[in-house]
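# Report on the structure
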Amino acid sequence: PHVIITTDEESGAIGAGKLISKYHECPFADMRFMIQLDRRGTDDSVFYDCDNDEFEKYINRFGFKTAFGSFSDISVIAPVWKIAAVNFSIGYNDEHSYSETLNIPAMCYTIDRVVTILEDVVTNSDEIPEFEYIEAPAFWEYWGNGDNMHGYDYGYGEYLSANAINSVKSADNS
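Residues numbered from 1 in each chain as written. Predicted model: local features only at pLDDT ≥ 70, side-chain atom pairs only at ≥ 80, totals over all residues. Heavy atoms only, no water.

What follows concerns the overall build of the chain. Of the regular secondary structure elements, the chain holds six helices and seven strands. Going residue by residue from the N terminus, the α and β elements of the chain occur as α-β-β-α-β-α-β-β-α-α-β-β-α. Split into buried and exposed, the 174 residues of the chain put 33% on the buried side. The contacts of the chain with a sequence gap of at least 6 include a subset with a gap of at least 24, amounting to 67%. Total accessible area computed for the chain in this model is approximately 11,000 Å², and 53% of it derives from carbon and sulfur atoms. (Helix = DSSP H or I, 4+ residues; strand = E, 2+ residues; numbered from the N terminus. Buried < 20%, exposed > 50% of the residue type's maximum accessible area, 1.4 Å probe, protein only. Contact = heavy atoms within 4.5 Å. Areas by Shrake-Rupley, 256 points an atom, 1.4 Å probe, with all protein chains shown as cover.)

Laid out in structure tokens, this is it:
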């Protein structure tokens, strides 16, 4: 395994940005996927815009559950390096506040599961692929035409489709 340490994620992923500006491609020939340990709670696996179902199934069989997340260093690095990535819960509570705490037993439990994942990769190296980063469709593409996202009728419809946006841009340029 390789270890990458970045800084200033909360300030706009400055460290991750510097990393990918220096290394436009993954510098490790044998990297199968990336793991980040920087999430609240105890069992979350967050894939951000990585839509590789096989990778998600592989990761979640170690006791994690897919959750939603908006931003992290791997959401910057993974698309550039084209390698699937996951961010695991590490036991943070009340993160990004003055009352932030770390649940040490939860952290140790996550670390134990990461060790199990890494052991699985070493033991079954011929069977574990290099999981490719697959860009998830934009949320309106994923949920349909945008009129009925999560059961709510927003009335956006065709205005959210990429074709409609491009049509509006074309019309503005006429």
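The full count for this structure, using the stated rule, is eight aromatic pairs. An angle of 45° between the planes, with centres 5.4 Å apart, marks the rings of Phe33 and Phe55 as tilted. Linking Phe33 in the loop between helix H1 (14-22) and strand S1 (34-40) with Phe55 in helix H2 (residues 53-60), this pair joins segments that are 22 residues apart in sequence. Judged by relative accessible area, Phe55 falls into the buried class, the value being 0%. (Phe/Tyr/Trp six-rings, centres within 6.5 Å; stacked < 30°, edge-to-face > 60°.)

On to the packing of H1 against helix H3 (residues 73-81), then. The contact between H1 and H3 brings their axes to 8 Å, and the two run at 15°. Overall, the two elements H1 and H3 adopt an arrangement that is roughly parallel. Handedness of the H1/H3 crossing: right-handed. Counted together, Ala16, Gly17, Leu19 and Ile20 of H1 and Asp73, Val76, Ile77, Val80 and Trp81 of H3 form the full contact between these two elements. Residues belonging to the contact of H1 with H3 are distributed by class as follows: seven nonpolar, one polar and one charged. (Axes fitted to C-alpha atoms, helices over the stretch in contact; angles between N-to-C directions. Parallel < 35°, antiparallel > 145°, perpendicular 65-115°, else oblique. Left-handed = near helix turned anticlockwise from the far one by under 90°. Nonpolar A, V, L, I, M, F, W, Y, C, P; charged D, E, K, R; others polar.)

Once that is clear, we can look at a nonpolar patch on the surface. On the surface, Leu37, Ile111 and Val115 cluster together to form a nonpolar patch covering roughly 210 Å² of accessible area. Its relative accessible area of 38% is what places Val115 among the partly exposed residues. (Patch = residues over 30% accessible without salt bridge, like charges linked within 9 Å, V, L, I, M, F, W, Y side chains within 5 Å. Salt bridge = Lys/Arg side-chain N within 4 Å of Asp/Glu carboxyl O.)

Take H3 next. Among the residues of H3, those classed as buried are Asp73, Ile74, Val76, Ile77, Ala78 and Trp81. Once H3 finishes, Lys82 follows within two positions and takes phi at roughly 60°, a positive value.

Per the counting criterion, the structure on display carries five salt bridges. In this structure, the salt-bridge partner of Glu95 is Arg40, at a minimum N-O distance of 3.0 Å. Separated by 55 residues along the polypeptide, Glu95 in the loop between strand S4 (85-93) and strand S5 (101-102) and Arg40 in strand S1 bring together distant segments of the chain. Exposure remark for Arg40: the relative accessible area of 42% places this residue in the partly exposed category. Of the charged contacts in the structure, one is a salt bridge between Arg113 and Asp43, with a shortest N-O distance of 3.2 Å. With a gap of 70 residues between them, Arg113 in helix H4 (residues 104-123) and Asp43 in the loop between S1 and strand S2 (44-46) connect regions that are remote in the sequence. Residue classification places Arg113 among the buried positions, given a relative accessible area of 6%.

Right, let's get into unusual backbone geometry. A positive phi is found at Ala13, a non-glycine position, where the angle reads about 55°. Residue classification places Ala13 among the buried positions, given a relative accessible area of 3%. One non-glycine residue, Lys82, lies in the positive phi region at around 60°. Taking the relative accessible area as the measure of exposure, Lys82 reaches 59% and is therefore exposed.

All right, on to the pairing of S4 then. In terms of residue burial, S4 counts as a mostly covered element, since seven of its nine residues are buried. The sheet contact formed by S1 and S4 spans six bridges and is parallel. In the sheet register, Ile35 faces S4, and the bridge partner there is Val86. Examined bridge by bridge, S2 and S4 share two bridges and lie antiparallel to one another. Bridge pairing in S4 links Val46 to Asn87. Bridge count for S4 against S5 is two bridges, and the pairing is antiparallel. The partner of Asn93 across the bridge, within S5, is Thr101. (Pairing = 2+ DSSP bridges.)

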